[in-house]
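Chain by chain, the residues:
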Amino acid sequence: MAKKKSNSYICSVCDATFPTWMGQCSKCESWNMIVEISDELLDDSMESFSQPIEEVVANFDTAPVAISDPEVSRAIDGGVVAGSTLLIGGEPGIGKSTLALLLAKDAVGSGGRVLYVTGEESKEQVAARVVRCGLDTDGLEVIATSNIEKVVSTKVKYALVVVDSIQAISDSSIESPPGSINQVRQCSSLLSAFARRTKTPVVILSHVTKDGSIAGPKQLEHLVDSVFVLEGERSGSSRSLRSLKNRFGRVSEVGYLKMSSKGIRADQDFVASALVDRRSGAYGSAVTAIRDGLRVRLVEIQTLVVPTAKESPKRIFNGIASVRGGMIIGVLDHYIKLRSERFDIFVSVAGGVSIDDPASDLALAAAITSAITKLPIAKEVALFGEVGLTGEVRRVPLAYERYLELERHGFSTVIAPRSSDIDEVRVPGQIDIRTVSEALLAGRLIKSHNENV
Ligand code: TYD
Ligand code: MG
């Protein structure tokens with residue numbers, strides 16, 4: 001029979017330790033953050049004695065792992081910092097293990113040793129992925145275990161530890177099965193304490209549940225320093241890595257990646273990928289720049305109108321909320337007398353993109369007007385801005401980023417409201433407008449304000 005270990009209880013927020021479990025930490029007053037921990041895992045350095053701040057600064061060693069991939073580096077703003085825990089969530093098969101190997105390669109590249117803990121796959125499966133991805137991994141060590149104590153009691157100083165995955169490891173001192181809320185919480189706090197104590201960066205991989213939230217308790221997100229999700233259609237190759245929480249850099253950053261049999265890497269063409277098959281010169285088509293976290297993507301809104309015989313003509317929207325679409329049609333009918341009731345209207349965002357950025361309103365208005373007037377929007381023209389019910393076009397965030405991406409992709413004329421964040425930096429080719437009819441005039445889709453088309 002295994003020897004009964006003695007256990008203590010540690011607050012996951014402030015590291016205070018207690019001989020018994022309590023609902024609320026008596027030191028920092030956090031609720032439900034006290035977890036059981038084996039005494040063997042507690043060492044002296046975890047006791048919280050005060051220290052002069054100069055001494056802390058002098059020992060400050062947070063040089064992050066230098067991430068070589070530009071898109072991963074952008075998403076993980078601030079880098080993989082020593083002593084921190086970084087959670088990467090995603091559906092099974094999306095590429096988490098592959099991405100973790102990319103980070104491992106960067107960490108060994110700087111001369112360090114990396115420990116890859118696999119609780120899900122065999123060592124051979126990990127090795128096969130390393131070979132398939134063609135990674136130079138001198139210094140990468142792999143251990144197949146589901147035992148957290150083995151990991152956090154290591155005496156080796158690693159440049160990075162990867163735990164694949166949090167659902168596949170467990171602490172034998174508590175009874176719940178691997179993947180249960182208790183185990184996930186226990187293992188995360190042990191890893192987080194290990195990271196801080198040994199100044200090792202720890203990357204924790206985690207499956208996301210069907211509704212998209214990180215599996216395990218909400219506290220898991222609270223226990224780690226940074227949280228990222230890897231998303232995409234498993235059947236396709238595009239992936240995005242998004243930051244939901246980042247103690248060392250910007251949140252809402254997004255990195256665009258591509259998955260192939262050779263691994264995962266930056267997808268530099270993603271921003272304009274939805275425009276690749278665009279037919280220029282076609283009426284009913286308008287290009288805009290939509291927001292994606294702190295980035296922008298270029299999309300094409302297409303409209304087809306056909307004369308209707310019905311009393312209530314069809315309004316079909318694909319990729320745009322029908323409420324938003326209906327509102328834009330109302331504005332066009334009222335302010336430029338579009339008389340949309342003559343037509344069935346079909347609107348679609350090309351490439352299966354879904355838009356929920358109001359900055360796309362103006363392009364939607366232009367696409368519908370262009371389809372009805374049969375006047376195409378010139379191929380170098382793009383538009384953005386939020387349309388209001390008084391026919392005004394409102395300013396939107398990230399205007400400068402939108403201009404830059406549009407210009408970079410050949411849109412030399414951008415019709416948009418004047419924006420305070422670009423007043424200082426005038427972008428050539430920008431046409432400031434204040435109302436929908438001004439915008440449609442500038443785009444040569446109508447000939448005068450209040451037109452009866
Ligand atoms: P992986 O990193 O194992 O995903 P996760 O850790 O999130 O479960 O990546 C799995 C993907 O790798 C899978 O969707 C397809 C791709 N893949 C190849 O392209 N070629 C191969 O030979 C294998 C085994 C996988
Ligand atoms: Mg995996």
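This section reports on the structure supplied with the text. Everything quoted here is computed from the prediction, not taken from an experiment.

What follows covers the packing of helix 8 (residues 322–336) against helix 9 (residues 361–373). Their axes nearest at 10 Å, the elements helix 8 and helix 9 cross at an angle of 60 degrees. One element, helix 8, and the other, helix 9, form an angle in the oblique class. Between helix 8 and helix 9 the crossing geometry is right-handed. Two secondary-structure elements touch here, helix 8 through Arg324, Gly325, Ile328, Ile329, Leu332 and Ile336 and helix 9 through Asp361, Leu364, Ala365, Ile368 and Thr369. Classifying every residue of the contact of helix 8 with helix 9 gives 7 nonpolar, 2 polar and 2 charged.

When you line up the elements, Ser146 lands in the loop between strand 6 (140–144) and helix 5 (148–152). Here Ser146 falls in the partly exposed class, since its relative accessible area comes to 38%. Each C-alpha atom of the pair Ser146 and Ala168 lies 6.0 Å from the other, and the pair is 22 residues apart in sequence. Ignoring any residue separated from it by four or fewer positions in sequence, one finds Ser146 in contact with Ala168, Ile169 and Ser170.

Looking now at the site of ligand 1. Taken together, 13 residues surround ligand 1, and among them Gly93, Lys96, Ser97, Thr98 and Arg129 come closest. The contact in question runs from an oxygen atom of ligand 1 to an N or O atom on the backbone of Gly93, over 2.6 Å. One nitrogen or oxygen atom from the side chain of Arg132 is found 3.2 Å from a nitrogen atom belonging to ligand 1. For ligand 1, whose free accessible area comes to 570 Å², the fraction covered by protein is 63%. The biggest single contributor to the shell around ligand 1 is helix 3 (residues 96–109), with 3 residues. For the shell around ligand 1, a count of residues per class yields 3 nonpolar, 6 polar and 4 charged.

Here the focus is the sheet that holds strand 15 (residues 315–318). Reading across the sheet, the 4 strands line up as 13-14-16-15 and stay open at both edges, with mixed pairing between neighbours. Whereas interior strands pair on both sides, the edge strands pair on one side only; in this sheet they are strand 13 (285–292) and strand 15. Across the sheet, the mean angle from the axis of one strand to that of its neighbour is 20 degrees, orientation sign disregarded. Inspection of the sheet shows strand 14 (residues 295–307) paired to strand 16 (residues 343–349) by 7 bridges, in the antiparallel sense. Residue Gln302 lies in a different strand from strand 16, and its bridge partner there is Ser348. Running at roughly 30 degrees to strand 14, helix 9 makes contact with strand 13, strand 14 and strand 16 of the sheet.

With that settled, consider helix 4 (residues 123–132). Along helix 4, the residues that are buried comprise Val126, Arg129 and Val130. Along the axis of helix 4, the buried residues cluster in a sector spanning 105 degrees; they form a single face. Residues Glu124 and Val131 are exposed on helix 4 and point more than 90 degrees away from its buried face. Buried residues along helix 4 sit in contact with helix 3, strand 5 (114–118) and strand 6. Residue Gly134 follows helix 4 closely and has a positive phi angle near 60 degrees.

The next subject is the sheet that holds strand 20 (residues 413–417). If you walk across this open sheet you meet the 3 strands as 17-20-21, and the pairing is parallel. Each having just a single partner strand, strand 17 (381–383) and strand 21 (430–433) make up the two edges of the open sheet. With direction set aside, neighbouring strand axes in the sheet form an average angle of 25 degrees. Here 3 bridges tie strand 17 to strand 20, and the two strands are oriented parallel to one another. Counted as the bridge partner of Leu383 is Ile415 from strand 20. Its contacts with the sheet place helix 10 (residues 399–408) against strand 17, strand 20 and strand 21, and it is angled at close to 165 degrees to strand 20.

Under the counting rule described, the total for this entry stands at 20 salt bridges. The salt bridge involving Arg278 is made with Glu300; its shortest N-O contact spans 4.0 Å. Taken together, the residues Arg278 in the loop between strand 12 (263–266) and strand 13 and Glu300 in strand 14 connect sequence positions 22 residues apart. Here Arg278 matches Glu300 in class, with each residue buried. Residues joined in a network through salt bridges with shared partners are Arg74, Asp77, Arg250 and Glu253.

Enumeration according to the criterion identifies 2 aromatic pairs in this entry. Centre to centre, the rings of Tyr256 and Phe270 are 4.2 Å apart; their planes meet at 35 degrees, and the pair counts as tilted. Linking Tyr256 in strand 11 (residues 254–260) with Phe270 in the loop between strand 12 and strand 13, this pair joins segments that are 14 residues apart in sequence. Grouping residues by exposure puts Tyr256 and Phe270 together as buried. Judged by centre distance (5.2 Å) and plane angle (70 degrees), the ring pair of Phe384 and Tyr403 falls under edge-to-face. Linking Phe384 in the loop between strand 17 and strand 18 (386–387) with Tyr403 in helix 10, this pair joins segments that are 19 residues apart in sequence.

How each quantity is defined
Residues numbered from 1 in each chain as written. Chains lettered and ligands numbered in written order. Predicted model: local features only at pLDDT ≥ 70, side-chain atom pairs only at ≥ 80, totals over all residues. Heavy atoms only, no water. Axes fitted to C-alpha atoms, helices over the stretch in contact; angles between N-to-C directions. Helix = DSSP H or I, 4+ residues; strand = E, 2+ residues; numbered from the N terminus. Parallel < 35°, antiparallel > 145°, perpendicular 65-115°, else oblique. Left-handed = near helix turned anticlockwise from the far one by under 90°. Contact = heavy atoms within 4.5 Å. Nonpolar A, V, L, I, M, F, W, Y, C, P; charged D, E, K, R; others polar. Buried < 20%, exposed > 50% of the residue type's maximum accessible area, 1.4 Å probe, protein only. Near = heavy atom within 4 Å. Polar contact = N/O pair within 3.5 Å; in protein donor to acceptor, adjacent residues only side chain to side chain. Areas by Shrake-Rupley, 256 points an atom, 1.4 Å probe, with all protein chains shown as cover. Pairing = 2+ DSSP bridges. Arc of directions from axis to C-beta. Salt bridge = Lys/Arg side-chain N within 4 Å of Asp/Glu carboxyl O. Phe/Tyr/Trp six-rings, centres within 6.5 Å; stacked < 30°, edge-to-face > 60°.

It is worth stressing that arrangement in space is one thing and function is another; only the former is reported here.
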